[in-house]
Amino acid sequence: MTIEKNRGVIELKTDVAVVGMGYVGIPLSCLLAKAGHGVIGIDIDQERANLINQGKLPLKGEEPELPELLREQVDRGLLHATTDFSYCRKIKVVFVCVDTPIDENKIPRFDRLIAAMEQIGRNISSGVLVVVESTIAPGTMSGKILPLLEKMSGLKGGENLFLAHCPERVMSGKLIHNLKNIDRIIGGLDERSTEMAISWYSQIVIGKLHTTDMTTAEAVKTAENAYRDVQIAFANEVGLICEKLGLDAFEVRRLVNTCPQRDMHKAGAGVGGHCLPKDTWLLAYGGKEADPKLMPIARQINDAMPEHTAELVIEILGKAGLAEGKETCVAIFGLSYLENSGDTRNTPARTVIEQLRNRYRVIAQDPYISAFENVEIESDLENALRMADCAVFLTSHREYSVLTLERIAELMRHKIIVDGRNLFDKKKAEDLGILYAGVGKG
Ligand code: SAJ
């Protein structure tokens with residue numbers, strides 16, 4: 001396939017297409033190109049494709065190795081991004097990494113995945129392997145994707161069309177590391193599909209490749225995240241109990257975890273990200289016949305934590321006698337949903353700010369984020385503290401964990417901290433005359 005490059009038209013040897021150039025598709029494309037394959041990255045966003053073709057990474061936050069890896073593969077002519085699905089012709093394997101959101105009723109929205117599958121189906125040729133990395137509700141591969149691909153392509157699953165589900169296990173801030181090192185589940189339509197998928201992943205994954213069927217692979221991925229979401233909800237409920245009992249939930253957690261077979265998670269200001277808030281609902285949707293109860297309740301508990309954190313702010317400002325109004329300034333530290341990342345997908349900060357912005361002046365600071373919806377940003381950490389009557393910590397960025405309480409006390413207009421991530425010691429704060437409230441900190 002020929003493509004325009006700054007040094008004229010070059011022939012691009014392509015055997016791989018990756019559809020959906022985001023947190024999953026970009027690192028996958030880079031590692032496959034690094035393994036020597038010509039990779040076509042297909043995305044509906046022309047802007048994003050242009051950035052990638054300039055060797056620029058269109059993702060926020062620190063991603064070790066990835067910016068250099070992307071630039072290298074583009075310069076080598078082994079990675080090219082486009083919005084044109086016709087590049088899927090003559091391709092040997094297509095990896096699908098489009099996102100799979102849920103709607104406000106917690107029902108999976110498959111439209112992006114289906115749209116991608118229709119385009120892929122129109123262009124693939126006999127013998128192709130299609131691998132879906134997107135997280136999907138159990139039953140989607142066999143019930144939706146296989147029939148759709150067969151219909152659009154005229155190919156037949158297991159004869160001249162091969163299919164597998166290999167759910168991604170990446171994490172913002174560790175995209176390349178996780179992709180290389182974490183074991184993968186490969187759920188094939190049949191033996192042949194599984195073998196073909198193994199031949200590709202064994203070139204880029206050091207972790208073990210565990211094989212199973214497609215529906216089991218769908219259930220594994222959604223269950224592994226629902227498991228974590230429920231664990232966090234348990235920790236949050238223990239946190240709320242400890243607040244009422246005047247206990248430190250993190251001390252309770254530390255001692256609980258001295259007991260074998262315990263792995264209590266951490267109470268916090270909420271559960272953000274692209275995975276956990278959605279994957280529980282994907283599993284519940286796939287298993288709706290069983291009428292699951294624990295997982296929806298866990299989601300409810302986790303979704304209520306940002307509001308609880310905002311409540312702590314309102315209560316402590318009331319206790320300090322600071323009136324509601326724009327002259328009282330609340331500084332939010334941490335817009336990202338995850339420490340040391342610039343990823344704001346489903347961030348708890350969004351809800352906390354919504355709850356507070358009509359009561360107080362709200363400013364925000366995040367080392368990885370320079371703009372966030374229409375929130376007033378103060379990028380300098382110490383200036384933000386100087387402006388603040390109340391400092392609300394929602395993300396445990398390393399920049400915050402090196403802040404001393406003494407320095408905070410020196411800088412703030414009123415010494416009030418609400419700690420959403422157990423960054424500070426309550427007693428030490430109070431000894432310094434700081435009014436302190438924290439999630440899980442009674
Ligand atoms: N959180 C808590 N308490 C905890 C752990 C996390 O409140 O004890 C919060 C975090 O602050 C964050 C959210 O939950 O807001 C999600 O945190 P996470 O560490 O699970 O990070 P994610 O969302 O990037 O999770 C991803 C998931 N990976 C995939 O879906 C492929 C998850 O399965 C992994 O366990 C996690 O990365 C990881 O640690 O690798």
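Residues numbered from 1 in each chain as written. Predicted model: local features only at pLDDT ≥ 70, side-chain atom pairs only at ≥ 80, totals over all residues. Heavy atoms only, no water.

## Remarks on the overall build of the protein
Note the following rule: A run of H or I in DSSP counts as a helix once it spans at least four residues, and a run of E counts as a strand once it spans at least two, with each numbered from the N terminus. For the radius of gyration, the atoms used are the C-alpha atoms, and the globule rule reads 2.2 Å times the number of residues raised to 0.38. To sort residues, take the accessible area from a 1.4 Å probe on protein chains only and compare it with the maximum for the residue type: under 20% means buried, over 50% means exposed, and anything in between is partly exposed. Whether two residues are in contact is decided by their heavy atoms, any of which lying within 4.5 Å being enough. To measure how exposed things are, a 1.4 Å probe is used in the Shrake-Rupley method; for residues, cover is taken only from the protein chains shown. Neither His nor the chain ends is counted toward charge; the positive residues are Lys and Arg and the negative residues Asp and Glu. To locate a charge, take NZ of a lysine, CZ of an arginine, CG of an aspartate or CD of a glutamate.
A count of helical and extended segments in the protein gives 17 helices and 16 strands. Its C-alpha atoms give the protein a radius of gyration of 24 Å, near enough to 22 Å, the size a compact globule of 442 residues would have. The principal-axis extents of the C-alpha atoms in the protein amount to approximately 70 × 55 × 40 Å. For the protein, with 442 residues in total, the buried portion stands at 55%. For the protein, restricting intrachain contacts to residue pairs at least 6 apart in sequence, the fraction spanning at least 24 positions comes to 72%. Of the accessible surface of the protein, which amounts to about 18800 Å², a share of 51% is contributed by carbon and sulfur atoms. Counting 53 positive and 61 negative side-chain charges, the protein places the centres of these two groups 2 Å from one another.

## Observations regarding the sheet that holds strand S4 (residues 39–42)
As a general point, the strands of a sheet are linked pairwise by backbone hydrogen bonds and lie either parallel or antiparallel. Under the convention used in this document: In this analysis, strands are considered paired if DSSP registers two or more bridges between them. With axes taken as lines fitted to C-alpha atoms, and helix axes fitted only over the stretch in contact, angles between N-to-C directions fall between 0 and 180 degrees.
Taken in spatial order, the 8 strands make up an open sheet running S5-S4-S3-S6-S7-S8-S9-S10, and their pairing is mixed. Lying at the two open borders of the sheet, with one neighbouring strand each, are strand S5 (79–82) and strand S10 (209–213). Within the sheet, the average angular offset between the axes of one strand and its neighbour, ignoring direction, is 25 degrees. Most of the contacts of helix H4 (residues 111–123) go to strand S6 (residues 93–96), to which it runs at about 170 degrees, and overall it touches strand S3 (16–19), S6 and strand S7 (128–132).

## As for helix H11 (residues 294–303)
What counts is decided by this rule: Throughout, the arc means that of the directions going from the helix axis to the C-beta atoms.
Residues Ala298, Arg299, Ile301 and Asn302 constitute the buried set of H11. Buried residues in H11, looked at end-on, bunch into an arc of 160 degrees, giving them a common side. On its buried face, H11 is in contact with helix H8 (214–245), helix H10 (276–286) and helix H12 (305–319).

## With respect to the pattern of salt bridges
Formally: Salt bridge, as applied in this entry: a Lys or Arg side-chain nitrogen positioned within 4 Å of an Asp or Glu carboxyl oxygen.
Overall, the coordinates contain 25 salt bridges when judged by the stated rule. Taking the shortest distance from any N to any O, the salt bridge between arginine 254 and glutamate 251 comes out at 2.9 Å. Here arginine 254 pairs with glutamate 251, and both are found in helix H9 (residues 249–256), just 3 residues apart, close to one helical turn. Given the relative accessible area of 35%, glutamate 251 is considered partly exposed. Note that lysine 428 and glutamate 406 form a salt bridge whose closest N and O atoms lie 3.5 Å from each other. Of the two residues, lysine 428 is situated in helix H17 (residues 426–431) and glutamate 406 in helix H16 (residues 405–411); the sequence distance between them amounts to 22 residues. The network of salt bridges with shared partners includes Glu382, Arg386, Arg407 and Glu410.

## Details of the domain arrangement of the protein
To be explicit about the condition: These domain boundaries are the output of an automatic or database domain assignment. In protein, a polar contact requires one atom able to donate a hydrogen and another able to accept it; more generally it is a pair of N or O atoms within 3.5 Å, and residues adjacent in sequence count only if both atoms are side-chain atoms. Three residue categories are used. Nonpolar comprises Ala, Val, Leu, Ile, Met, Phe, Trp, Tyr, Cys and Pro, charged comprises Asp, Glu, Lys and Arg, and polar comprises the others, including Gly.
When cut into domains, the protein gives domain 1 (6–213) and domain 2 (301–438). Placing a centre on the C-alpha atoms of domain 1 and another on those of domain 2 gives a separation of 39 Å. At the junction of domain 1 with domain 2, the criterion picks out 1 salt bridge. Notably, a salt bridge pairs glutamate 62 with arginine 398, separated by 3.6 Å at the nearest N-O pair. In this assembly, domain 1 and domain 2 are joined by 2 residue pairs in polar contact (both at pLDDT 80 or more). Of the residues that constitute the side of domain 1 that touches domain 2, the class distribution is 2 nonpolar, 2 polar and 3 charged.

## Quick word on the packing of H4 against helix H5 (residues 140–153)
How we decide: Note on convention: near helix rotated counterclockwise from far helix by under a right angle means a left-handed crossing. Clockwise means right-handed.
Between H4 and H5, the least distance of the axes is 7 Å, while the angle of their chain directions is 35 degrees. Between H4 and H5 lies a crossing of right-handed hand. Of H5, the residues touching H4 (which contributes Leu113, Ile114, Met117, Glu118, Ile120, Gly121 and Arg122) are Thr140, Lys144, Ile145, Leu148, Leu149, Met152 and Ser153. Looking at side-chain class alone, the contact of H4 with H5 contains 8 nonpolar, 3 polar and 3 charged residues.

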